[in-house]
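# An overview of the molecular structure
In case you want the letters, here they are:
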Amino acid sequence: MAGLELLSDQGYRLDGRKPSELRKVQARMGVFAQADGSAYIEQGNTKALAVVYGPHEVRGSRSKTLHDRAVINCQYSMATFSTAERKRRPHGDRKSSEMSLHLKQTFEAAILTQLYPRSQIDIYVKILQSDGGNYSACVNAATLAVIDAGVPMRDYVCACSAGFVEDTPLADLCHTEESGGGTSLALALLPRGGQIALLQMDARLHQDHLDALMEAAMTACRSLSNVLDGVVRQHLQEVSLLTRE
Amino acid sequence: MLKSKTFVKKTRSGGVMKIVREHYLRDDIWCGSEFCVECKQDSTVLQQDACIESNLLSSPHYLIPDTNVVLHQIDILEDPLIRNVIILQTVLQEIRHRSAPVYKRIKDVVHDKEKHFYTFTNEHHRETFIEREQAESANDQNDRAIRVAAKWYSEHLKNAPKAEELKIVLLTNDRANKEKAEESGLVAYKCEEYIKSLIANPELVDRLALTSDDQNEITTSKLLFPEHLPLSRIQAGIKSGSFLQGTFRASRDNYLEATVFVHGEGEESTEVLIQGLQNLNRAVHQDVVAVELLPRDQWVAPSSVVLQDEGPKEDDKEEEAENMLRCEANEAMLKPTGKVVGIIKRNWRPFCGMLSKSQIKEATRHLFTPADRRIPRIRIETRQAAALEGQRIMVAIDGWPKHSRYPNGHFVRNLGSAGDKETETAVLLLEHDVPHQAFSQAVLSFLPKMPWRITEEDMKNRVDLRHLCVCSVDPPGCTDIDDALHCRDLENGNLEVGVHIADVSHFIRPGNALDQEAANRGTTVYLCEKRIDMVPELLSSNLCSLRSNVDRLAFSCIWEMNHNAEILNTRFTKSVINSKASLTYAEAQMRIDDTSMNDDITKSLRGLNKLAKILKKKRIEKGALTLSSPEVRFHIDSETHDPIDLQTKELKETNSMVEEFMLLANISVAQKIYDEFSECALLRKHPAPPPSNYDILNKAANSKGLLIRTDSAKALADSLDEAKVDGFAYFNTLLRILATRCMMQAVYFCSGMDSDFHHYGLASPIYTHFTSPIRRYADIIVHRLLAVAIGADCTYPDLMDKHKQSALCNNLNYRHKMAQYAQRASVAFHTQLFFKNRGILNEDGYILFVRKNAIIILIPKFGLEGTVFFENKDKPSPRLTFNEEAPTLTVEDHTFHMFDKVKVTISLDSSNIQHQKIRMALIEPVIPGVSVALPEGEPEAKKAKLDR
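Starting from 1, residues in each chain are numbered consecutively following that chain's sequence as written. Following the order in which they are written, the chains are lettered starting with A and the ligands numbered starting with 1. Per-residue local features of the predicted model are confined to residues with pLDDT of at least 70, and side-chain atom pairs are confined, for both listing and counting, to 80 or more; whole-chain, interface and lining totals are unaffected and use all residues. Based on all heavy atoms of the structure, the side-chain values leave hydrogens and waters out of the count.

Taking an unreviewed UniProt entry as the reference, chain B is identified by name as Exosome complex exonuclease RRP44 belonging to Megalops atlanticus.

Chain A carries the name Exosome complex component RRP41 in an unreviewed UniProt entry, which gives Megalops atlanticus as its organism. UniProt positions are given in the numbering used here, feature names are shortened, and annotations may be inferred rather than shown by experiment. Of chain A, the UniProt comment under Sequence similarities (unreviewed entry) reads exactly: "Belongs to the RNase PH family."

As structure tokens, this is what we get:
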């Protein structure tokens, strides 16, 4: 049987999107009262929850303490029920440690860590449902959670994946597109300055196509940042309404 | 604009898995009609004037075919008459899953602007999306989706101005679907019904494929074939090892015999023999089938009988024929034998051939005989049999029910009258899958604009070699000159030799339509009187052709050599050259031999010739083979284009001179691109043949008391040189002809995908094709690789992708093979024309092979092979004794050995106009009742001519 046609001749993807269109994004901030900051995001069927604690004193071994800036501690995990097959996912497996490390690098680039020397900021992210673009959902959720916690950042960090099918860059891949065998790239962007916080790509891609692909991912990140900005503003409005009373 | 909707789908892969996919519905999918004013579309596909003369519908209408109609009646949809069709996404996807060839064809049709086919993405349209209902099957859901989309179209276009007349017509062969459609107020027709209503175009009716409802008439109650197993059982059987999967290859000589080529794990692949109609079980040549091996005691040996299906005959005769196959054979000859239990994939294509008209005058069902003898006859239904008689036609197979002796098919198109040169050429091109249409506008648009001249831009990365005394040597009448040579003395006493190859990759840029077309064609095909170009003529005969006294772009390979032809230094560069002379082989030879000529060109040629001789000697010492195959060349009458004379090609010293330097260039380039790109260099290899291939050669040599050593190429070359029989000068050539047939096919491959690079025939560890980019696509790729390696051009992604390269190699190998077959077929056809005009001749020949009921004879004078049969339908057959070991065949009292000299008459047998054959009859040795008498009068006249 023929595999799936990821991009039809009419220019529609499997789920009916055009190549540059994102999935539907819905997000909420301040979902938990206990944590310092929290957020929930849905990008299509990918759902992620992020929680932020801190800045607080460095816990555990004192040796980790940095004297000029805060330590960022990230933990990524996936719920057992997040994929089509139920699977127990122990902490610290290779995939999630790698993801944790990526998140850490991303947020070290975004958070103004030098404001909090000798302290620690914890970011916990959990994927509740996975349908491609886990990294991007995590970053976007964590950004909202960090904002919710009131930790100052240089800019929003927005992340988005992009793939390359039949010489066309596709933005925001879903799971079928990701596993369809093509190249996929994850990019985290600080949209205002246009700085790239993280860029990751595992598969092979010809150099000539890289610019087009990155451009597509960056455009997607910028549109995402608009959506996130909207969410933050709406959240602030709600909160200020509540506090005024 | 974006509305999200999710649905749940279950799929089975090991266990049950729930797959959740998003499904976005849009409101920006337009209808594509010229009538519409609501949709904000940029361009429209469906015309206002969508009228075909039909007695069912007088108004303009758009057609919406359902999946089965597209799948089965694709020939109708491809007809230029059928336009303004809406192909729904639902239909397209279902086709994609069910038949790749039809999917490709329908996509081509959709891309054709003239056809006005529009693809409507109905499943993502807000108003035509449907959700699966409780207990609804996938098929029912698709049918409903098609109806909903058709309904939407008719409602949507009702509102458009001027579209009151417009109808949306649903074409479906499914009765229930049609009824439901009519209930909901749609216009729905069966496909046959609609096509038959097109009164102005009755010829379309013949192209209708037979569908299962109307094929029940010519059936005997008897089931002729066993049922095919369902796919699930086949798969289970293959998994458990009780069935084997392989490609079915029918035998050319015997319609009751076939082999199934089973691809085993890794290198292992076996052949399974299939014998008898029942066991063949409706498999057609090239199908992928599942076979079951028979128990060992039922294994048989491949019969060496030549047997042809003579058309409908009685059952008992059929059995008789089958019995003939079974012969006592010794244990060693038995091959694994099996029977076909199921078809995994049909590989049907439209077949060329001729109609064998039914004896009953008014009959509409006729048998069609394909030109390819490996394809069974096909039963078709047509009302224009009288008009089609004597014409070459194309027919597609629709199906092969188990109670029918022949498959059912339908007429596709008429190619022209048989025997006509144009038609026959078209047939052989079609049968060998040679793309031969004129180049499309899209392709031509990438040609350089005339008048063309070399610009500053072109000179970047190029060396000016216009001052060198370059000349080209080619066969007479050659217009696509792709190589030129030069040789000059250097100040240090060494020689500089240059091979300059047309820089085709400068004009054909990667990825454009011109490039894709060339990649698809793969090679230029040379037929006897025609050339099917790989690149448009402007390039092949003008801009790329290295003609004399014009500036041309070239890719040069320049060596510094000493007088012993040892390479001291190799240099590759893009260049501009100005050839000083275009010579033929004969002219070049004359210049070399003529001591009075001492100009630069002649000196250069002499230098080249001297070096070439040393190079050749070195190559032969290393074990390169010199093989022989009889090649003929026709003298074609300039007026009628009929062949008037036939002569075997003769080789001059200059032929081998040019060849030697081409080989050297190819080898140097191969080494360079492999060093630079070890993963993705395109190379050519020639595998050593397995020892069993040499059996026939050994037997042949043994019959003359000689021994041929075949353990290495060198040993083979040496023993071939030594194999001589006194008083039989042609023996050595015959042996070489046989040796050629033992060889494997040389193939292109990508260096990253293979580890064996050796070229057996040339005894070179590495080889590629660099020197003929005008006529071979492989050379263009090699040029691009080399250009990147020397920094003269930039790379592109597909060049460095070994999987894509490997796919390209497969296509090139296929095209080369097919081009060779087409060339042979063309020569055969012209030979027939020649003998048709010539009549019977009395010629000397040699026995090349001995078969069970025939001998195959080679006539050196014409390079012609023919068969002498000892069995005849209307005569009692003579006593035949066949000895497989030697091999010899004893007819009455005379024993035929291989290489025996015989005299035969040659004539053209046109009793079967489709397979006109060269018929040979024995004159000497005289065997009563078998050989024929010498035709009187004529030989004397011939002798007289010789005496003069």
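## Quick word on the overall build of chain B
Secondary structure elements follow DSSP: runs of H or I no shorter than four residues count as helices, runs of E no shorter than two count as strands, and numbering proceeds from the N terminus. Per the secondary structure count, chain B includes 27 helices and 38 strands. In chain B, buried positions account for 52% of the 948 residues. Buried means the residue's accessible area, taken with a 1.4 Å probe over protein chains only, is under 20% of the maximum for its type, while exposed means over 50%, and partly exposed covers the values in between.

## So, the interface of chain A and chain B
You'll often see interface size given as the accessible area lost when the parts meet. What makes two residues a contact is simply this: any of their non-hydrogen atoms within 4.5 Å. Facing the 28 residues of chain A at the interface are 26 residues of chain B. For the chain A and chain B pair, buried surface summed over both sides reaches about 2200 Å², with 48% attributable to carbon and sulfur atoms. A quick way to say it: buried area is the sum, across both parts, of accessible area lost when two parts are put together, with a 1.4 Å probe. Contact with chain B buries area across many residues of chain A, yet Tyr12(A), Asp15(A) and His206(A) alone supply 21% of it, more than any other trio. Every case where a carboxyl oxygen of Asp or Glu lies within 4 Å of a side-chain nitrogen of Lys or Arg is listed as a salt bridge. There are four salt bridges connecting chain A and chain B.

## Examining helix α1 (residues 94-110) of chain A
Between the first and last C-alpha of α1(A) there are 25 Å, a value that for 17 residues agrees with the 24 Å anticipated at 1.5 Å per step. Buried residues in α1(A) make contact with β4 (71-78), β5 (119-129), α2 (134-149), β8 (183-190) and β9 (195-201) of chain A. A helix is expected to reach a length of 1.5 Å times the quantity of its residues less one.

## Considerations on the sheet that holds strand β3 (residues 46-57) of chain A
All names here are of chain A. One open sheet accounts for five strands, arranged β1-β2-β3-β5-β4; its pairing is mixed. Because the sheet does not close on itself, it has two edges, and the strands there are β1 (25-29) and β4. Across this sheet, the average inter-strand angle for adjacent strands is 15 degrees, counted without regard to direction. In this scheme, strands are said to pair when DSSP sees at least two bridges between them. Across five bridges, the pairing between β1 and strand β2 (residues 37-43) is antiparallel. Directly across from Val25, in β2, lies its bridge partner Gln43. In this analysis, axes come from line fits to C-alpha atoms, helices being fitted only over the stretch in contact, and the angle between any two N-to-C directions falls in the range 0 to 180 degrees. Packed on one face of the sheet, α2 meets β1, β2, β3, β4 and β5 and runs near 150 degrees to β2. Across the sheet, helix α4 (residues 207-244) is in contact with β1 and β2; its angle to β1 comes to roughly 35 degrees.

## A word on the side chain of Asp533(B)
Residues and elements named next belong to chain B. Of note, Asp533 is situated in the loop between β23 (531-532) and α18 (537-543). Of the residues examined, Asp533 reaches a relative accessible area of 12% and is grouped as buried. Side-chain atoms alone can form a polar contact between residues adjacent in sequence; in general such a contact is a pair of N or O atoms within 3.5 Å, and within protein one must be able to donate a hydrogen while the other accepts it. Here the side chain of Asp533 touches Arg531 through a polar contact of 2.8 Å, side chain to side chain.

## Comments concerning the pairing of strand β31 (residues 841-850) of chain B
Residues and elements named next belong to chain B. Most of β31 is tucked away: nine of the 10 residues are buried. Two strands pair when backbone bridges link them, and β31 and strand β37 (residues 901-909) are joined in this way by six bridges, in the antiparallel orientation. Paired with Tyr846 across the two strands is Lys901, which belongs to β37. Sheet topology places β31 next to strand β32 (residues 854-859); four bridges connect them, and they run antiparallel. If you follow Phe849 over to β32, its bridge partner there is Ile856. Linking β31 back to β32 in an antiparallel pair, the connection comprises three residues.

## Section: the pattern of salt bridges
All names here are of chain B. This model, assessed by the stated rule, comprises 47 salt bridges over all chains. Here Asp108 makes a salt bridge to Lys104, at a shortest N to O gap of 3.0 Å. Taken as a pair, Asp108 and Lys104 lie in helix α4 (residues 100-111) at a separation of four residues, close to a single helical turn. For Asp108, a relative accessible area of 40% puts it in the partly exposed group.

## Describing the sheet that holds strand β7 (residues 168-171) of chain A
Two pairing modes exist for strands in a sheet, parallel and antiparallel, and in both the strands are linked by backbone hydrogen bonds. Residues and elements named next belong to chain A. Taken in spatial order, the four strands line up as β7-β6-β8-β9 in an open sheet, and their pairing is antiparallel. Since the sheet does not close on itself, it has two edges, and those belong to β7 and β9, each with one partner. Each strand of the sheet is rotated relative to its neighbour by a mean of 25 degrees, with strand direction disregarded. In terms of strand pairing, strand β6 (residues 158-165) meets β8 through seven bridges, oriented antiparallel. Directly across from Ala159, in β8, lies its bridge partner Ala188. Its contacts with the sheet put α1 on β8 and β9, and the angle it makes with β9 is roughly 165 degrees. Of the strands in this sheet, β6, β7, β8 and β9 touch α4, which is tilted by about 145 degrees from β6.

## Describing the packing of aromatic side chains
Residue and element names in this part refer to chain B. Pairing of aromatic rings covers Phe, Tyr and Trp, the last counted by its six-membered ring, and requires centre-to-centre distances within 6.5 Å; plane angles under 30 degrees mean stacked, over 60 mean edge-to-face, and any other angle means tilted. Tallied over the full model, the rule gives nine aromatic pairs over all chains. Measuring from ring centre to ring centre gives 5.0 Å for Phe120 and Tyr153, while their planes differ by 70 degrees; the resulting arrangement is edge-to-face. Here the residue Phe120 occupies a position in strand β5 (residues 117-120), and Tyr153 occupies one in helix α5 (residues 138-158), the gap between them amounting to 33 residues. For the pair Phe120 and Tyr153, one class covers both residues: buried. Ring centres 5.3 Å apart and planes at 45 degrees place the aromatic pair Phe749 and Phe757 in the tilted group.

## Points about the pairing of β6(A)
All names here are of chain A. The element β6 is largely enclosed, with a buried count of eight among its eight residues. Burial of β6 is two-sided: the residues Cys158, Cys160, Ala162 and Phe164 facing one way and the residues Ala159, Ser161, Gly163 and Val165 facing the other way are all buried. Once β6 ends, the chain turns through two residues before running back antiparallel as β7, passing Glu166 with a positive phi of about 45 degrees.

## A few points about unusual backbone geometry
For the peptide bond that leads from Gly54(A) to Pro55(A), omega is 0 degrees, which places it in the cis range. As for its placement among the helices and strands, Pro55(A) is situated in strand β3. Residues other than glycine seldom take positive phi values, yet Asn461(B) does so here, at roughly 60 degrees. Considering the arrangement of structural elements, one finds Asn461(B) in the loop between α15 (456-459) and β18 (462-464).

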